[in-house]
Amino acid sequence: MSEQQTEHRKTAAPPTPPEFTYTWGQHNETMEALSLGQMARRVPSALRQTARLALAVNRTAFHVLVTAQVLGGICTAAALAAISRAMVPLLTGVGVQERISAAAGPLVVAAAMTALGALASIASGSAARRLNPGMATLADLAMVDAHMDVELAAYTPPTSPSAPRRPRPDPPALPCCCRTPSASPAA
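A. The packing of helix α4 (residues 59–92) against helix α5 (residues 96–149), seen in detail. Closest axis-to-axis distance for the α4/α5 pair is 7 Å, and the angle between their directions is 160°. Relative to α5, α4 is oriented roughly antiparallel. Seen from above, α4 lies across α5 with left-handed handedness. Residue classes in the contact of α4 with α5 are distributed as 28 nonpolar, 5 polar and 3 charged.

B. Summary view of a nonpolar patch on the surface. On the surface, a nonpolar cluster with roughly 360 Å² of combined accessible area is contributed by Leu71, Leu116, Leu119 and Ile122. The biggest single contributor to the nonpolar patch is α5, with 3 residues. Tracing the backbone shows Leu119 in helix α5. On the basis of relative accessibility, which here comes to 55%, the residue Leu119 falls in the exposed class.

C. Structural detail: the nonpolar core. The biggest cluster of nonpolar side chains holds 8 residues, and these are Leu53, Ala54, Ala61, Phe62, Ala127, Leu131, Met135 and Leu138. Looking at this core, the elements with two or more residues in it are α3 (36–57), α4 and α5.

D. View of the confidence of the model for the protein. On average, residues of the protein score 80 in pLDDT, and 68% of them reach the 70 mark or higher. Per-element averaging of pLDDT across the protein places helix α1 (residues 3–11) at the bottom with 61 and α4 at the top with 95. Note that residues 175–187 has pLDDT below 50 and, in this model, 14 contacts with residues that lie over four places away or in other chains.

E. Broad picture of the side chain of Ser124. Secondary-structure assignment places Ser124 in helix α5. What makes Ser124 buried here is its relative accessible area of 5%. Beyond its immediate chain neighbours, meaning those up to four positions away, Ser124 contacts Leu65, Ala68 and Gln69.

F. Broad picture of the environment of Ala118. Summarising the element assignment, Ala118 is placed in helix α5. A relative accessible area of 38% places Ala118 in the partly exposed class. Through-space distance from the C-alpha of Ala118 to that of Gly72 is 7.4 Å; in sequence the pair is 46 residues apart.

The rules we used
- The residue count restarts for each chain, going from 1 along the sequence in the order it is written.
- Reporting of local features is limited, given that this is a predicted model, to residues whose pLDDT is at least 70; pairs of side-chain atoms are given and counted only at 80 or more, and all residues count toward the totals for whole chains, interfaces and linings.
- Note that the side-chain values use all heavy atoms of the structure and ignore hydrogens as well as water.
- The axes used here are C-alpha line fits, helices contributing only the stretch in contact, and every angle between their N-to-C directions lies in the interval 0 to 180 degrees.
- Helix numbering and strand numbering both begin at the N terminus, where a helix is a DSSP run of H or I of at least 4 residues and a strand a DSSP run of E of at least 2.
- Here the angle decides the label: under 35 degrees means roughly parallel, over 145 means roughly antiparallel, 65 to 115 means roughly perpendicular, and every other value means oblique.
- Definitions for this section: a left-handed crossing has its near helix turned counterclockwise from the far helix by less than a right angle. A right-handed crossing has that turn clockwise.
- Three categories are distinguished: nonpolar for Ala, Val, Leu, Ile, Met, Phe, Trp, Tyr, Cys and Pro, charged for Asp, Glu, Lys and Arg, and polar for the others, with Gly belonging to the last.
- Every patch collects residues that have over 30% relative accessible area and no salt bridge, joining them within 9 Å if they carry like charges and within 5 Å if they are nonpolar side chains (Val, Leu, Ile, Met, Phe, Trp, Tyr).
- What sets the accessible areas is the Shrake-Rupley method with a 1.4 Å probe; for residues, cover comes only from the shown protein chains.
- Should a side-chain nitrogen of Lys or Arg be within 4 Å of a carboxyl oxygen of Asp or Glu, the pair is scored as a salt bridge.
- In this scheme, a residue with accessible area under 20% of its type's maximum is buried, one over 50% is exposed, and one in between is partly exposed, where area comes from a 1.4 Å probe on protein chains only.
- Think of a nonpolar core as a cluster: buried Ala, Val, Leu, Ile, Met, Phe, Trp, Tyr and Cys residues, connected wherever their side-chain atoms sit within 4.5 Å.
- Scored between 0 and 100, pLDDT is the confidence that the predictor attaches to each residue.
- Whether two residues touch is decided by their heavy atoms; if any such pair falls within 4.5 Å, the residues are in contact.

Set out below in structure tokens:
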């Protein structure tokens, strides 16, 4: 290797890495203009859709997940309340022995609630792991279903002379792949 080639390698700057941007395409401005209140108003609808999808996948896992989440919240609140009750004797007592013995009851309750909350978290995680693959599959199938159901006219600009003049029907609440057997129409 010549000295000139070695010098060129030392001075050549590495190429700049490509820049990746994640945008919503034509809806980017709409998403940026949404306020927190507008997004918050959409949360209940999204939670209802997610609950319907989870119920379609595995009813038992869904009920375990919801119950464990509620139990975990109750345990956390109870543990925090017990710790606040234990703080008064720990910070205001005369001797160390008296302060610790006065706070022992609330600390035991806090420890028990923390342990029960941890078990609820484990149960919740297990139920979520049982639901996740089925929900992902159903969501993918719903996307494919929705894509396949889109009429060609939906891609035609409304100003085009060949654009249809009839309104599109409302989509079903859940795509056919997500409906439970009891909710599907009788054949």
